[in-house]
There are 2 protein chains.
Amino acid sequence: MVDDRRRRLLAANQSFYDAFGARDFPAMDRLWARRHPVVCIHPGWLPLVDRQAVIGSWRDIFQHAGGAMVAAQSPRIVMDAPLALVLCFELVGGQLLAATNIFVEEDGAWRMIHHQASGVALEAIPASPGDDLPGALH
Amino acid sequence: MVDDRRRRLLAANQSFYDAFGARDFPAMDRLWARRHPVVCIHPGWLPLVDRQAVIGSWRDIFQHAGGAMVAAQSPRIVMDAPLALVLCFELVGGQLLAATNIFVEEDGAWRMIHHQASGVALEAIPASPGDDLPGALH
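What comes next concerns the included structure.

### Observations regarding the overall build of chain A
Now for step 1: For chain A, the count of helices and strands is 4 helices and 5 strands.
Now for step 2: If you list the helices and strands of chain A from N to C, you get α-α-β-α-β-β-β-β-α.
Now for step 3: For chain A, with 138 residues in total, the buried portion stands at 48%.
Now for step 4: In chain A, of all internal contacts separated by at least 6 residues, the share reaching a separation of at least 24 is 50%.
Now for step 5: Here chain A has roughly 6400 Å² of accessible surface; of this, 54% comes from carbon and sulfur atoms.

In structure tokens, the structure reads:
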């Protein structure tokens, strides 16, 4: 049974992808923690390790990236205390990525403190329908 | 000042790369937590989400990978409570990767619960000596 805390966690994870897909900068800004250190490692980038750099990177991405479709698949809560760690797959402009998203609670809301997405090599993707991706994480 | 807790954390982070570089399977096995969920996302791989799969992947890598040089650079402790999160760069066979390593304390020792390494694109690497990599993380 998914309790309320975990339901809110999955909603926060989804809100990250909603903000990303909609290029909604205020929503992305709200999602990131303000009283904890934050880290973001975009695919191929050097790590960004302070809030200003992280938020600025999203502003740049939203301004300069095209209209690539963004979707999250198969979110899995690996832990929800003392921090929350969610794994999921991302589809960004047709590229499959494996993402780690870490959240803390601030003022009763889950806020992101860490995001890292790394490309999945084509040869790592199961070809058999029986080994589809959702099955890999559930 | 680096206190003893943080000194032991950096030593645990280094021991991961020592085990990796030496293909020392028992040392790698000892490093991973036994009472917490663990996650490992090798570059290009799907996430591995249980201890047996994670440890098995290292056994496979050690058996099948060549003698690629492994080194860690510029470790940075982002947080050390309630979990510890260390960022560093990895050089694996000449490829530069950005790594997140997360640790918990079990029986007074830092044990790894999460490792994700993602390739850094050549164009993201600073060319100027003034922007060298250690500077990017300190």
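That covers the picture; the talk isn't over yet.
### Considering the interface of chain B and chain A
Now for step 1: The partner chain A presents 31 residues to the 31 residues of chain B that form the contact.
Now for step 2: In total, chain B and chain A occlude about 2500 Å² of area from one another, counting both sides; carbon and sulfur atoms represent 74% of this.
Now for step 3: Sorting the residues of chain B by area buried against chain A places Gly-44, Leu-46 and Gln-116 of chain B first, and these three jointly supply 20% of that buried surface.
Now for step 4: Applying the counting criterion to the chain B and chain A interface returns 0 salt bridges.
Now for step 5: Our count for the chain B to chain A interface comes out at 12 residue pairs in polar contact (both at pLDDT 80 or more).
Now for step 6: Those elements giving two or more residues to the side of chain B that touches chain A turn out to be strand S1 (39-41), strand S2 (70-79), strand S3 (84-92), strand S4 (95-106), strand S5 (109-119) and helix H4 (133-137) of chain B.
Now for step 7: Ranked by residue count, the leading element in the side of chain B that touches chain A is S5 of chain B, at 6 residues.

### Observations regarding the layout of surface pockets
Residue and element names in this part refer to chain B.
Now for step 1: Of the pockets and cavities examined, the largest pocket occupies roughly 180 Å³.
Now for step 2: Taken together, Phe-20, His-42, Pro-43, Trp-45, Trp-58, Ile-61, Glu-90, Val-92, Leu-97 and His-115 form the lining of the largest pocket.
Now for step 3: Contributing elements (two or more residues each) for the lining of the largest pocket: helix H3 (51-64) and S3.
Now for step 4: Its residues assigned to classes, the lining of the largest pocket comprises 7 nonpolar, 2 polar and 1 charged.

### Description of the pattern of salt bridges
Now for step 1: For the structure shown, the criterion picks out 16 salt bridges over all chains.
Now for step 2: Among the ionic pairs, Asp-29 of chain A bridges to Arg-34 of chain A, the shortest N-O distance being 3.3 Å.
Now for step 3: By relative accessible area, Asp-29 of chain A is classed as buried at 19%.
Now for step 4: Arg-5 of chain B is the salt-bridge partner of Glu-105 of chain B, the closest N and O atoms lying 2.8 Å from each other. Placement of Glu-105 of chain B in strand S4 and of Arg-5 of chain B in helix H1 (residues 4-22) is noted, with a sequence separation of 100 residues between them.
Now for step 5: Residue class for Glu-105 of chain B comes out partly exposed when judged on its relative accessible area of 35%.
Now for step 6: Connected through shared salt-bridge partners, Asp-4, Arg-5, Arg-7, Arg-8 and Glu-105 of chain A make up one network.

### With respect to the side chain of Thr-100 of chain B
Now for step 1: Relative to the helices and strands, Thr-100 of chain B is located in strand S4.
Now for step 2: A polar contact is formed between the side chain of Thr-100 of chain B and the side chain of Gln-116 of chain A, at a distance of 2.7 Å.
Now for step 3: Ignoring any residue separated from it by four or fewer positions in sequence, one finds Thr-100 of chain B in contact with Ile-41, His-114 and Gln-116 of chain A together with Leu-85, Val-86, Leu-87, His-114, His-115 and Gln-116 of chain B.

### Overview of the relation of the copies chain B and chain A
Mapping one chain copy onto the other needs a rotation about an axis and a shift along that axis.
Now for step 1: Once chain B has been moved 0.0 Å along the axis and rotated by 180°, it coincides with chain A to within an RMSD of 0.0 Å. In the structure described here, the two chain copies are related by an operation that fits a two-fold rotation axis. No C-alpha of chain B lies nearer the rotation axis than that of Ser-118 of chain B, which sits 2.6 Å from it.
Now for step 2: A symmetric contact is evident, with 100% of the interface residues of chain B recurring at the interface of chain A.

### Details of helix H1 (residues 4-22) of chain A
All names here are of chain A.
Now for step 1: Taking 1.5 Å of rise per residue, 19 residues should cover 27 Å, and H1 covers 26 Å from first to last C-alpha, within 8% of that figure.
Now for step 2: Burial in H1 covers these residues: Leu-9, Ala-12, Asn-13, Phe-16, Tyr-17, Ala-19 and Phe-20. Looking down the long axis of H1, one finds its buried residues gathered within 165° of arc, a one-sided arrangement.
Now for step 3: Residues of H1 that are buried make contact with helix H2 (25-31), helix H3 (51-64), strand S2 (70-79), strand S3 (84-92), strand S4 (95-106) and strand S5 (109-119).
Now for step 4: A positive backbone phi angle near 50° is found at Arg-23, which sits one or two residues after H1.

### Some remarks on the sheet that holds S4 of chain A
Residues and elements named next belong to chain A.
Now for step 1: Strand order in the open sheet formed by 5 strands is S1-S5-S4-S3-S2, with mixed pairing between adjacent strands. Each of the sheet's edge strands pairs with one partner strand only, and the pair in question is strand S1 (39-41) and S2. The mean angle between the axes of side-by-side strands here comes to 25°, regardless of whether they run parallel or antiparallel.
Now for step 2: As judged from the 3 bridges shared by S1 and S5, these two strands associate in the parallel manner. By the bridge assignment for S5, Ile-41 is matched with Gln-116.

Cut-offs and rules
- Residues numbered from 1 in each chain as written.
- Chains lettered and ligands numbered in written order.
- Predicted model: local features only at pLDDT ≥ 70, side-chain atom pairs only at ≥ 80, totals over all residues.
- Heavy atoms only, no water.
- Helix = DSSP H or I, 4+ residues; strand = E, 2+ residues; numbered from the N terminus.
- Buried < 20%, exposed > 50% of the residue type's maximum accessible area, 1.4 Å probe, protein only.
- Contact = heavy atoms within 4.5 Å.
- Areas by Shrake-Rupley, 256 points an atom, 1.4 Å probe, with all protein chains shown as cover.
- Buried area = accessible area lost by both parts, 1.4 Å probe.
- Salt bridge = Lys/Arg side-chain N within 4 Å of Asp/Glu carboxyl O.
- Polar contact = N/O pair within 3.5 Å; in protein donor to acceptor, adjacent residues only side chain to side chain.
- 1 Å grid on protein atoms, 1.4 Å probe; cavity = no way out; pocket = protein on both sides within 12 Å on 5 of 7 lines; lining within 4 Å.
- Points joined across faces, edges and corners; volume = space filled by probe spheres on them.
- Nonpolar A, V, L, I, M, F, W, Y, C, P; charged D, E, K, R; others polar.
- Least-squares fit on C-alpha atoms with pLDDT ≥ 70 in both.
- Expected span 1.5 Å × (residues − 1).
- Arc of directions from axis to C-beta.
- Pairing = 2+ DSSP bridges.
- Axes fitted to C-alpha atoms, helices over the stretch in contact; angles between N-to-C directions.

Note that all results are geometric; they support no functional claim without further evidence.
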